[in-house]
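Notes for the structure review
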Amino acid sequence: MLLCFALLLLSGASHAQQLTIVHVNVVDVVSGRIQPNMTVVIAGKRIARVSPSARINPQSGKVVDATGQYLIPGLWDMHTHVYFDGTAAAGTDLILPLFVANGVTGIRDMGSELEAVLQARAGIAAHRLVGPRMVVSGPMLDGPKSPYKASIAIATPADGRKAVDQLKARGVDFIKVQSLVPREAYFAIAAEAKKAGLPLDGHVPDAVRATEAITAGQRTFEHLIGIFEASSTAEDGYVTGQEKSPGRLLATYAPAREAAVVRLLAAHPQVWQCPTLFWERGQWLVDSIAWQQDPDLSYAGRSWVNQRWPKAQTNIARTLDTEPLAVRARFVTHELDLVRKLHAAHVGFLAGTDTPAGVDLIPGASLHLELQRFVAAGFTPLEALQTATLNPARFLKRTQDFGTVQAGRLADLVLLSANPLADIANTRSIVGVLADGQYFSPTDLAQLRQRLQQVAAGK
């Protein structure tokens, strides 16, 4: 039913061959300046012109009066799992449109069922589905005993090479490695991905050092994994299989080792960090967060709220969060401090959420909370906004297509009622969204959100 509803929304939007936004404040995410009283002309899928409003008198198409509003580039969530294990069934008619309803016009999917995610990527590009543009890995490459359905079990170097070649043939955009990949298999995967012309992203596997991952050409460190270990006097033990935990990482923390890995990452600007700070806090403090009071809970699938999240909360408490809450809280503070140090060293950051794989991760909504965590780590609102706009474009080497509000860029844009540079929480004041040139008006968004609440109640 939502698919039919979405097609109606897209059909209505597609009638406007030209859209002109007048009297809008354009947010320059490069300089942090506000360009007041501007007119932005959208022709098809791209921005045709950005000029002072006094110079343009729209003659055709739809006109949007955005007096007092702010226009930013469309947001990116750089760590998602749309078709992942227990939430995969909600991928098409709940998760994907929730991103758009929250101003997220692009995602990097870090592990999903292959057929489903490839079909969704094609359907969105063809405007058959409501959703963000997608950069996808397909299933994750994990160890031989991976707990995840959306993964390929890797036991040997040959397994790794075969998986890379198979995914390359299917047209994925990059390879995602998970924590349990065996050591020699990891290096085979990295070499094969390089040979295939596919970037390598993901966790620094437990059996690999951060320095080795950098040398192997890994493009991202997710969740800050690898950096904590490199900052510990027990790093060699972790590589050979010793258990690690927040308390142990804190107890073996060595400031000099941390400073060394920060310097190393700063010297390799091609390696980016996607720390998923909102989820990291939720994971380590899962027994203390009051997710039942989340104001966005009506957009979460009913089965997530009633079954998946309570079960995950119990499992995490039993297997991960076994140390005292005070210790885990200190580790969360330590994470923010590490991010602050990396940022001061000009290491690149990407905003990502891990949605909807964890407890209280709601597609789209969680991205805005992630930006607030960056500010808590010392980023200015502009710098936080860049992690979801300019930085993804730079990371993907597509600054000519998105990341800024400029002529020639793809029409992925968000209209806000308040200035996000004054308060990063204002990214939630969404009054309009353009996704690949398709305009969702306030009325469209209200209807979409209402329908998504209904869908969530049935999931």
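Scroll up for the structure.
Residues numbered from 1 in each chain as written. Predicted model: local features only at pLDDT ≥ 70, side-chain atom pairs only at ≥ 80, totals over all residues. Heavy atoms only, no water.

Across its full length, the protein chain holds 17 helices and 17 strands. Against the compact-globule benchmark of 23 Å for 459 residues, the protein chain has a radius of gyration of 22 Å, which places it among compact chains. Principal-axis analysis of the C-alpha atoms gives the protein chain an extent of 70 × 45 × 45 Å. Relative to its full complement of 459 residues, the protein chain shows a buried share of 60%. For the protein chain, contacts bridging at least 24 residues in sequence account for 73% of all contacts bridging at least 6. On the protein chain, the mean spot of the 44 positive side-chain charges and the mean spot of the 40 negative ones are 4 Å from each other. (Helix = DSSP H or I, 4+ residues; strand = E, 2+ residues; numbered from the N terminus. Rg over C-alpha atoms; globule rule 2.2 N^0.38 Å. Buried < 20%, exposed > 50% of the residue type's maximum accessible area, 1.4 Å probe, protein only. Contact = heavy atoms within 4.5 Å. Lys, Arg positive; Asp, Glu negative; His and termini not counted. Charge placed at Lys NZ, Arg CZ, Asp CG, Glu CD.)

Below, the discussion takes up the packing of helix H2 (residues 91-101) against helix H17 (residues 442-457). Close contact between H2 and H17 brings their axes to 10 Å; oriented N to C, the two are set at 150°. Taken together, the axes of H2 and H17 lie roughly antiparallel to each other. Where H2 crosses over H17, the two elements pack in a sense that is left-handed. For the pair H2 and H17, contact is made by Asp 93, Leu 94, Pro 97, Leu 98 and Ala 101 and by Leu 445, Leu 448, Arg 449, Leu 452, Val 455 and Ala 456, respectively. Of the residues that constitute the contact of H2 with H17, the class distribution is nine nonpolar, no polar and two charged. (Axes fitted to C-alpha atoms, helices over the stretch in contact; angles between N-to-C directions. Parallel < 35°, antiparallel > 145°, perpendicular 65-115°, else oblique. Left-handed = near helix turned anticlockwise from the far one by under 90°. Nonpolar A, V, L, I, M, F, W, Y, C, P; charged D, E, K, R; others polar.)

What follows concerns the packing of helix H10 (residues 255-266) against helix H13 (residues 325-344). Where H10 meets H13, the axes come as close as 10 Å, and the angle between the chain directions of the two elements is 45°. Between H10 and H13, the crossing angle belongs to the class labelled oblique. Where H10 crosses over H13, the two elements pack in a sense that is right-handed. Contact residues: Glu 258, Val 262 and Leu 265 in H10; His 334, Leu 338, Lys 341 and Leu 342 in H13. Here the contact of H10 with H13 is composed, by residue class, of four nonpolar, one polar and two charged.

Of all eight residues in helix H11 (residues 277-284), seven are buried, a share of seventy percent or more. Turning to H11, its buried residues are Leu 277, Phe 278, Trp 279, Glu 280, Gly 282, Gln 283 and Trp 284. The inward-facing, buried residues of H11 abut helix H9 (246-251), helix H12 (302-319), H13 and helix H14 (365-376).

What the rule picks out here adds up to eleven aromatic pairs. Considering the side-chain rings of Trp 304 and Trp 309, the 6.3 Å spacing of their centres and the 45° angle between planes classify their relative orientation as tilted. Here Trp 304 falls in the buried class, since its relative accessible area comes to 2%. Centroid distance Phe 349 to Phe 379: 5.6 Å. Interplanar angle 85°. Geometry classified as edge-to-face. Of this pair, Phe 349 sits in the loop between H13 and H14 while Phe 379 is found in the loop between H14 and helix H15 (381-386), placing the two residues 30 residues apart along the sequence. Exposure class is identical for Phe 349 and Phe 379. Each is buried. Put simply, the rings of Phe 228, Trp 284 and Phe 331 pair up and form one aromatic cluster. (Phe/Tyr/Trp six-rings, centres within 6.5 Å; stacked < 30°, edge-to-face > 60°.)

We now examine the sheet that holds strand S6 (residues 75-80). Strands sit in the order S6-S7-S8 across an open sheet of three strands; the sheet is parallel. The strands lining the two open edges of the sheet, one partner per strand, are S6 and strand S8 (133-136). For this sheet the average axis-to-axis angle between neighbouring strands, irrespective of direction, equals 20°. Pairing analysis gives four bridges linking S6 to strand S7 (residues 104-109), with the strands arranged parallel. From the neighbouring strand, Thr 80 faces S7, where its bridge partner is Asp 109. Set on the sheet, H2 makes contact with S6, S7 and S8; between it and S7 the angle comes to about 135°. (Pairing = 2+ DSSP bridges.)

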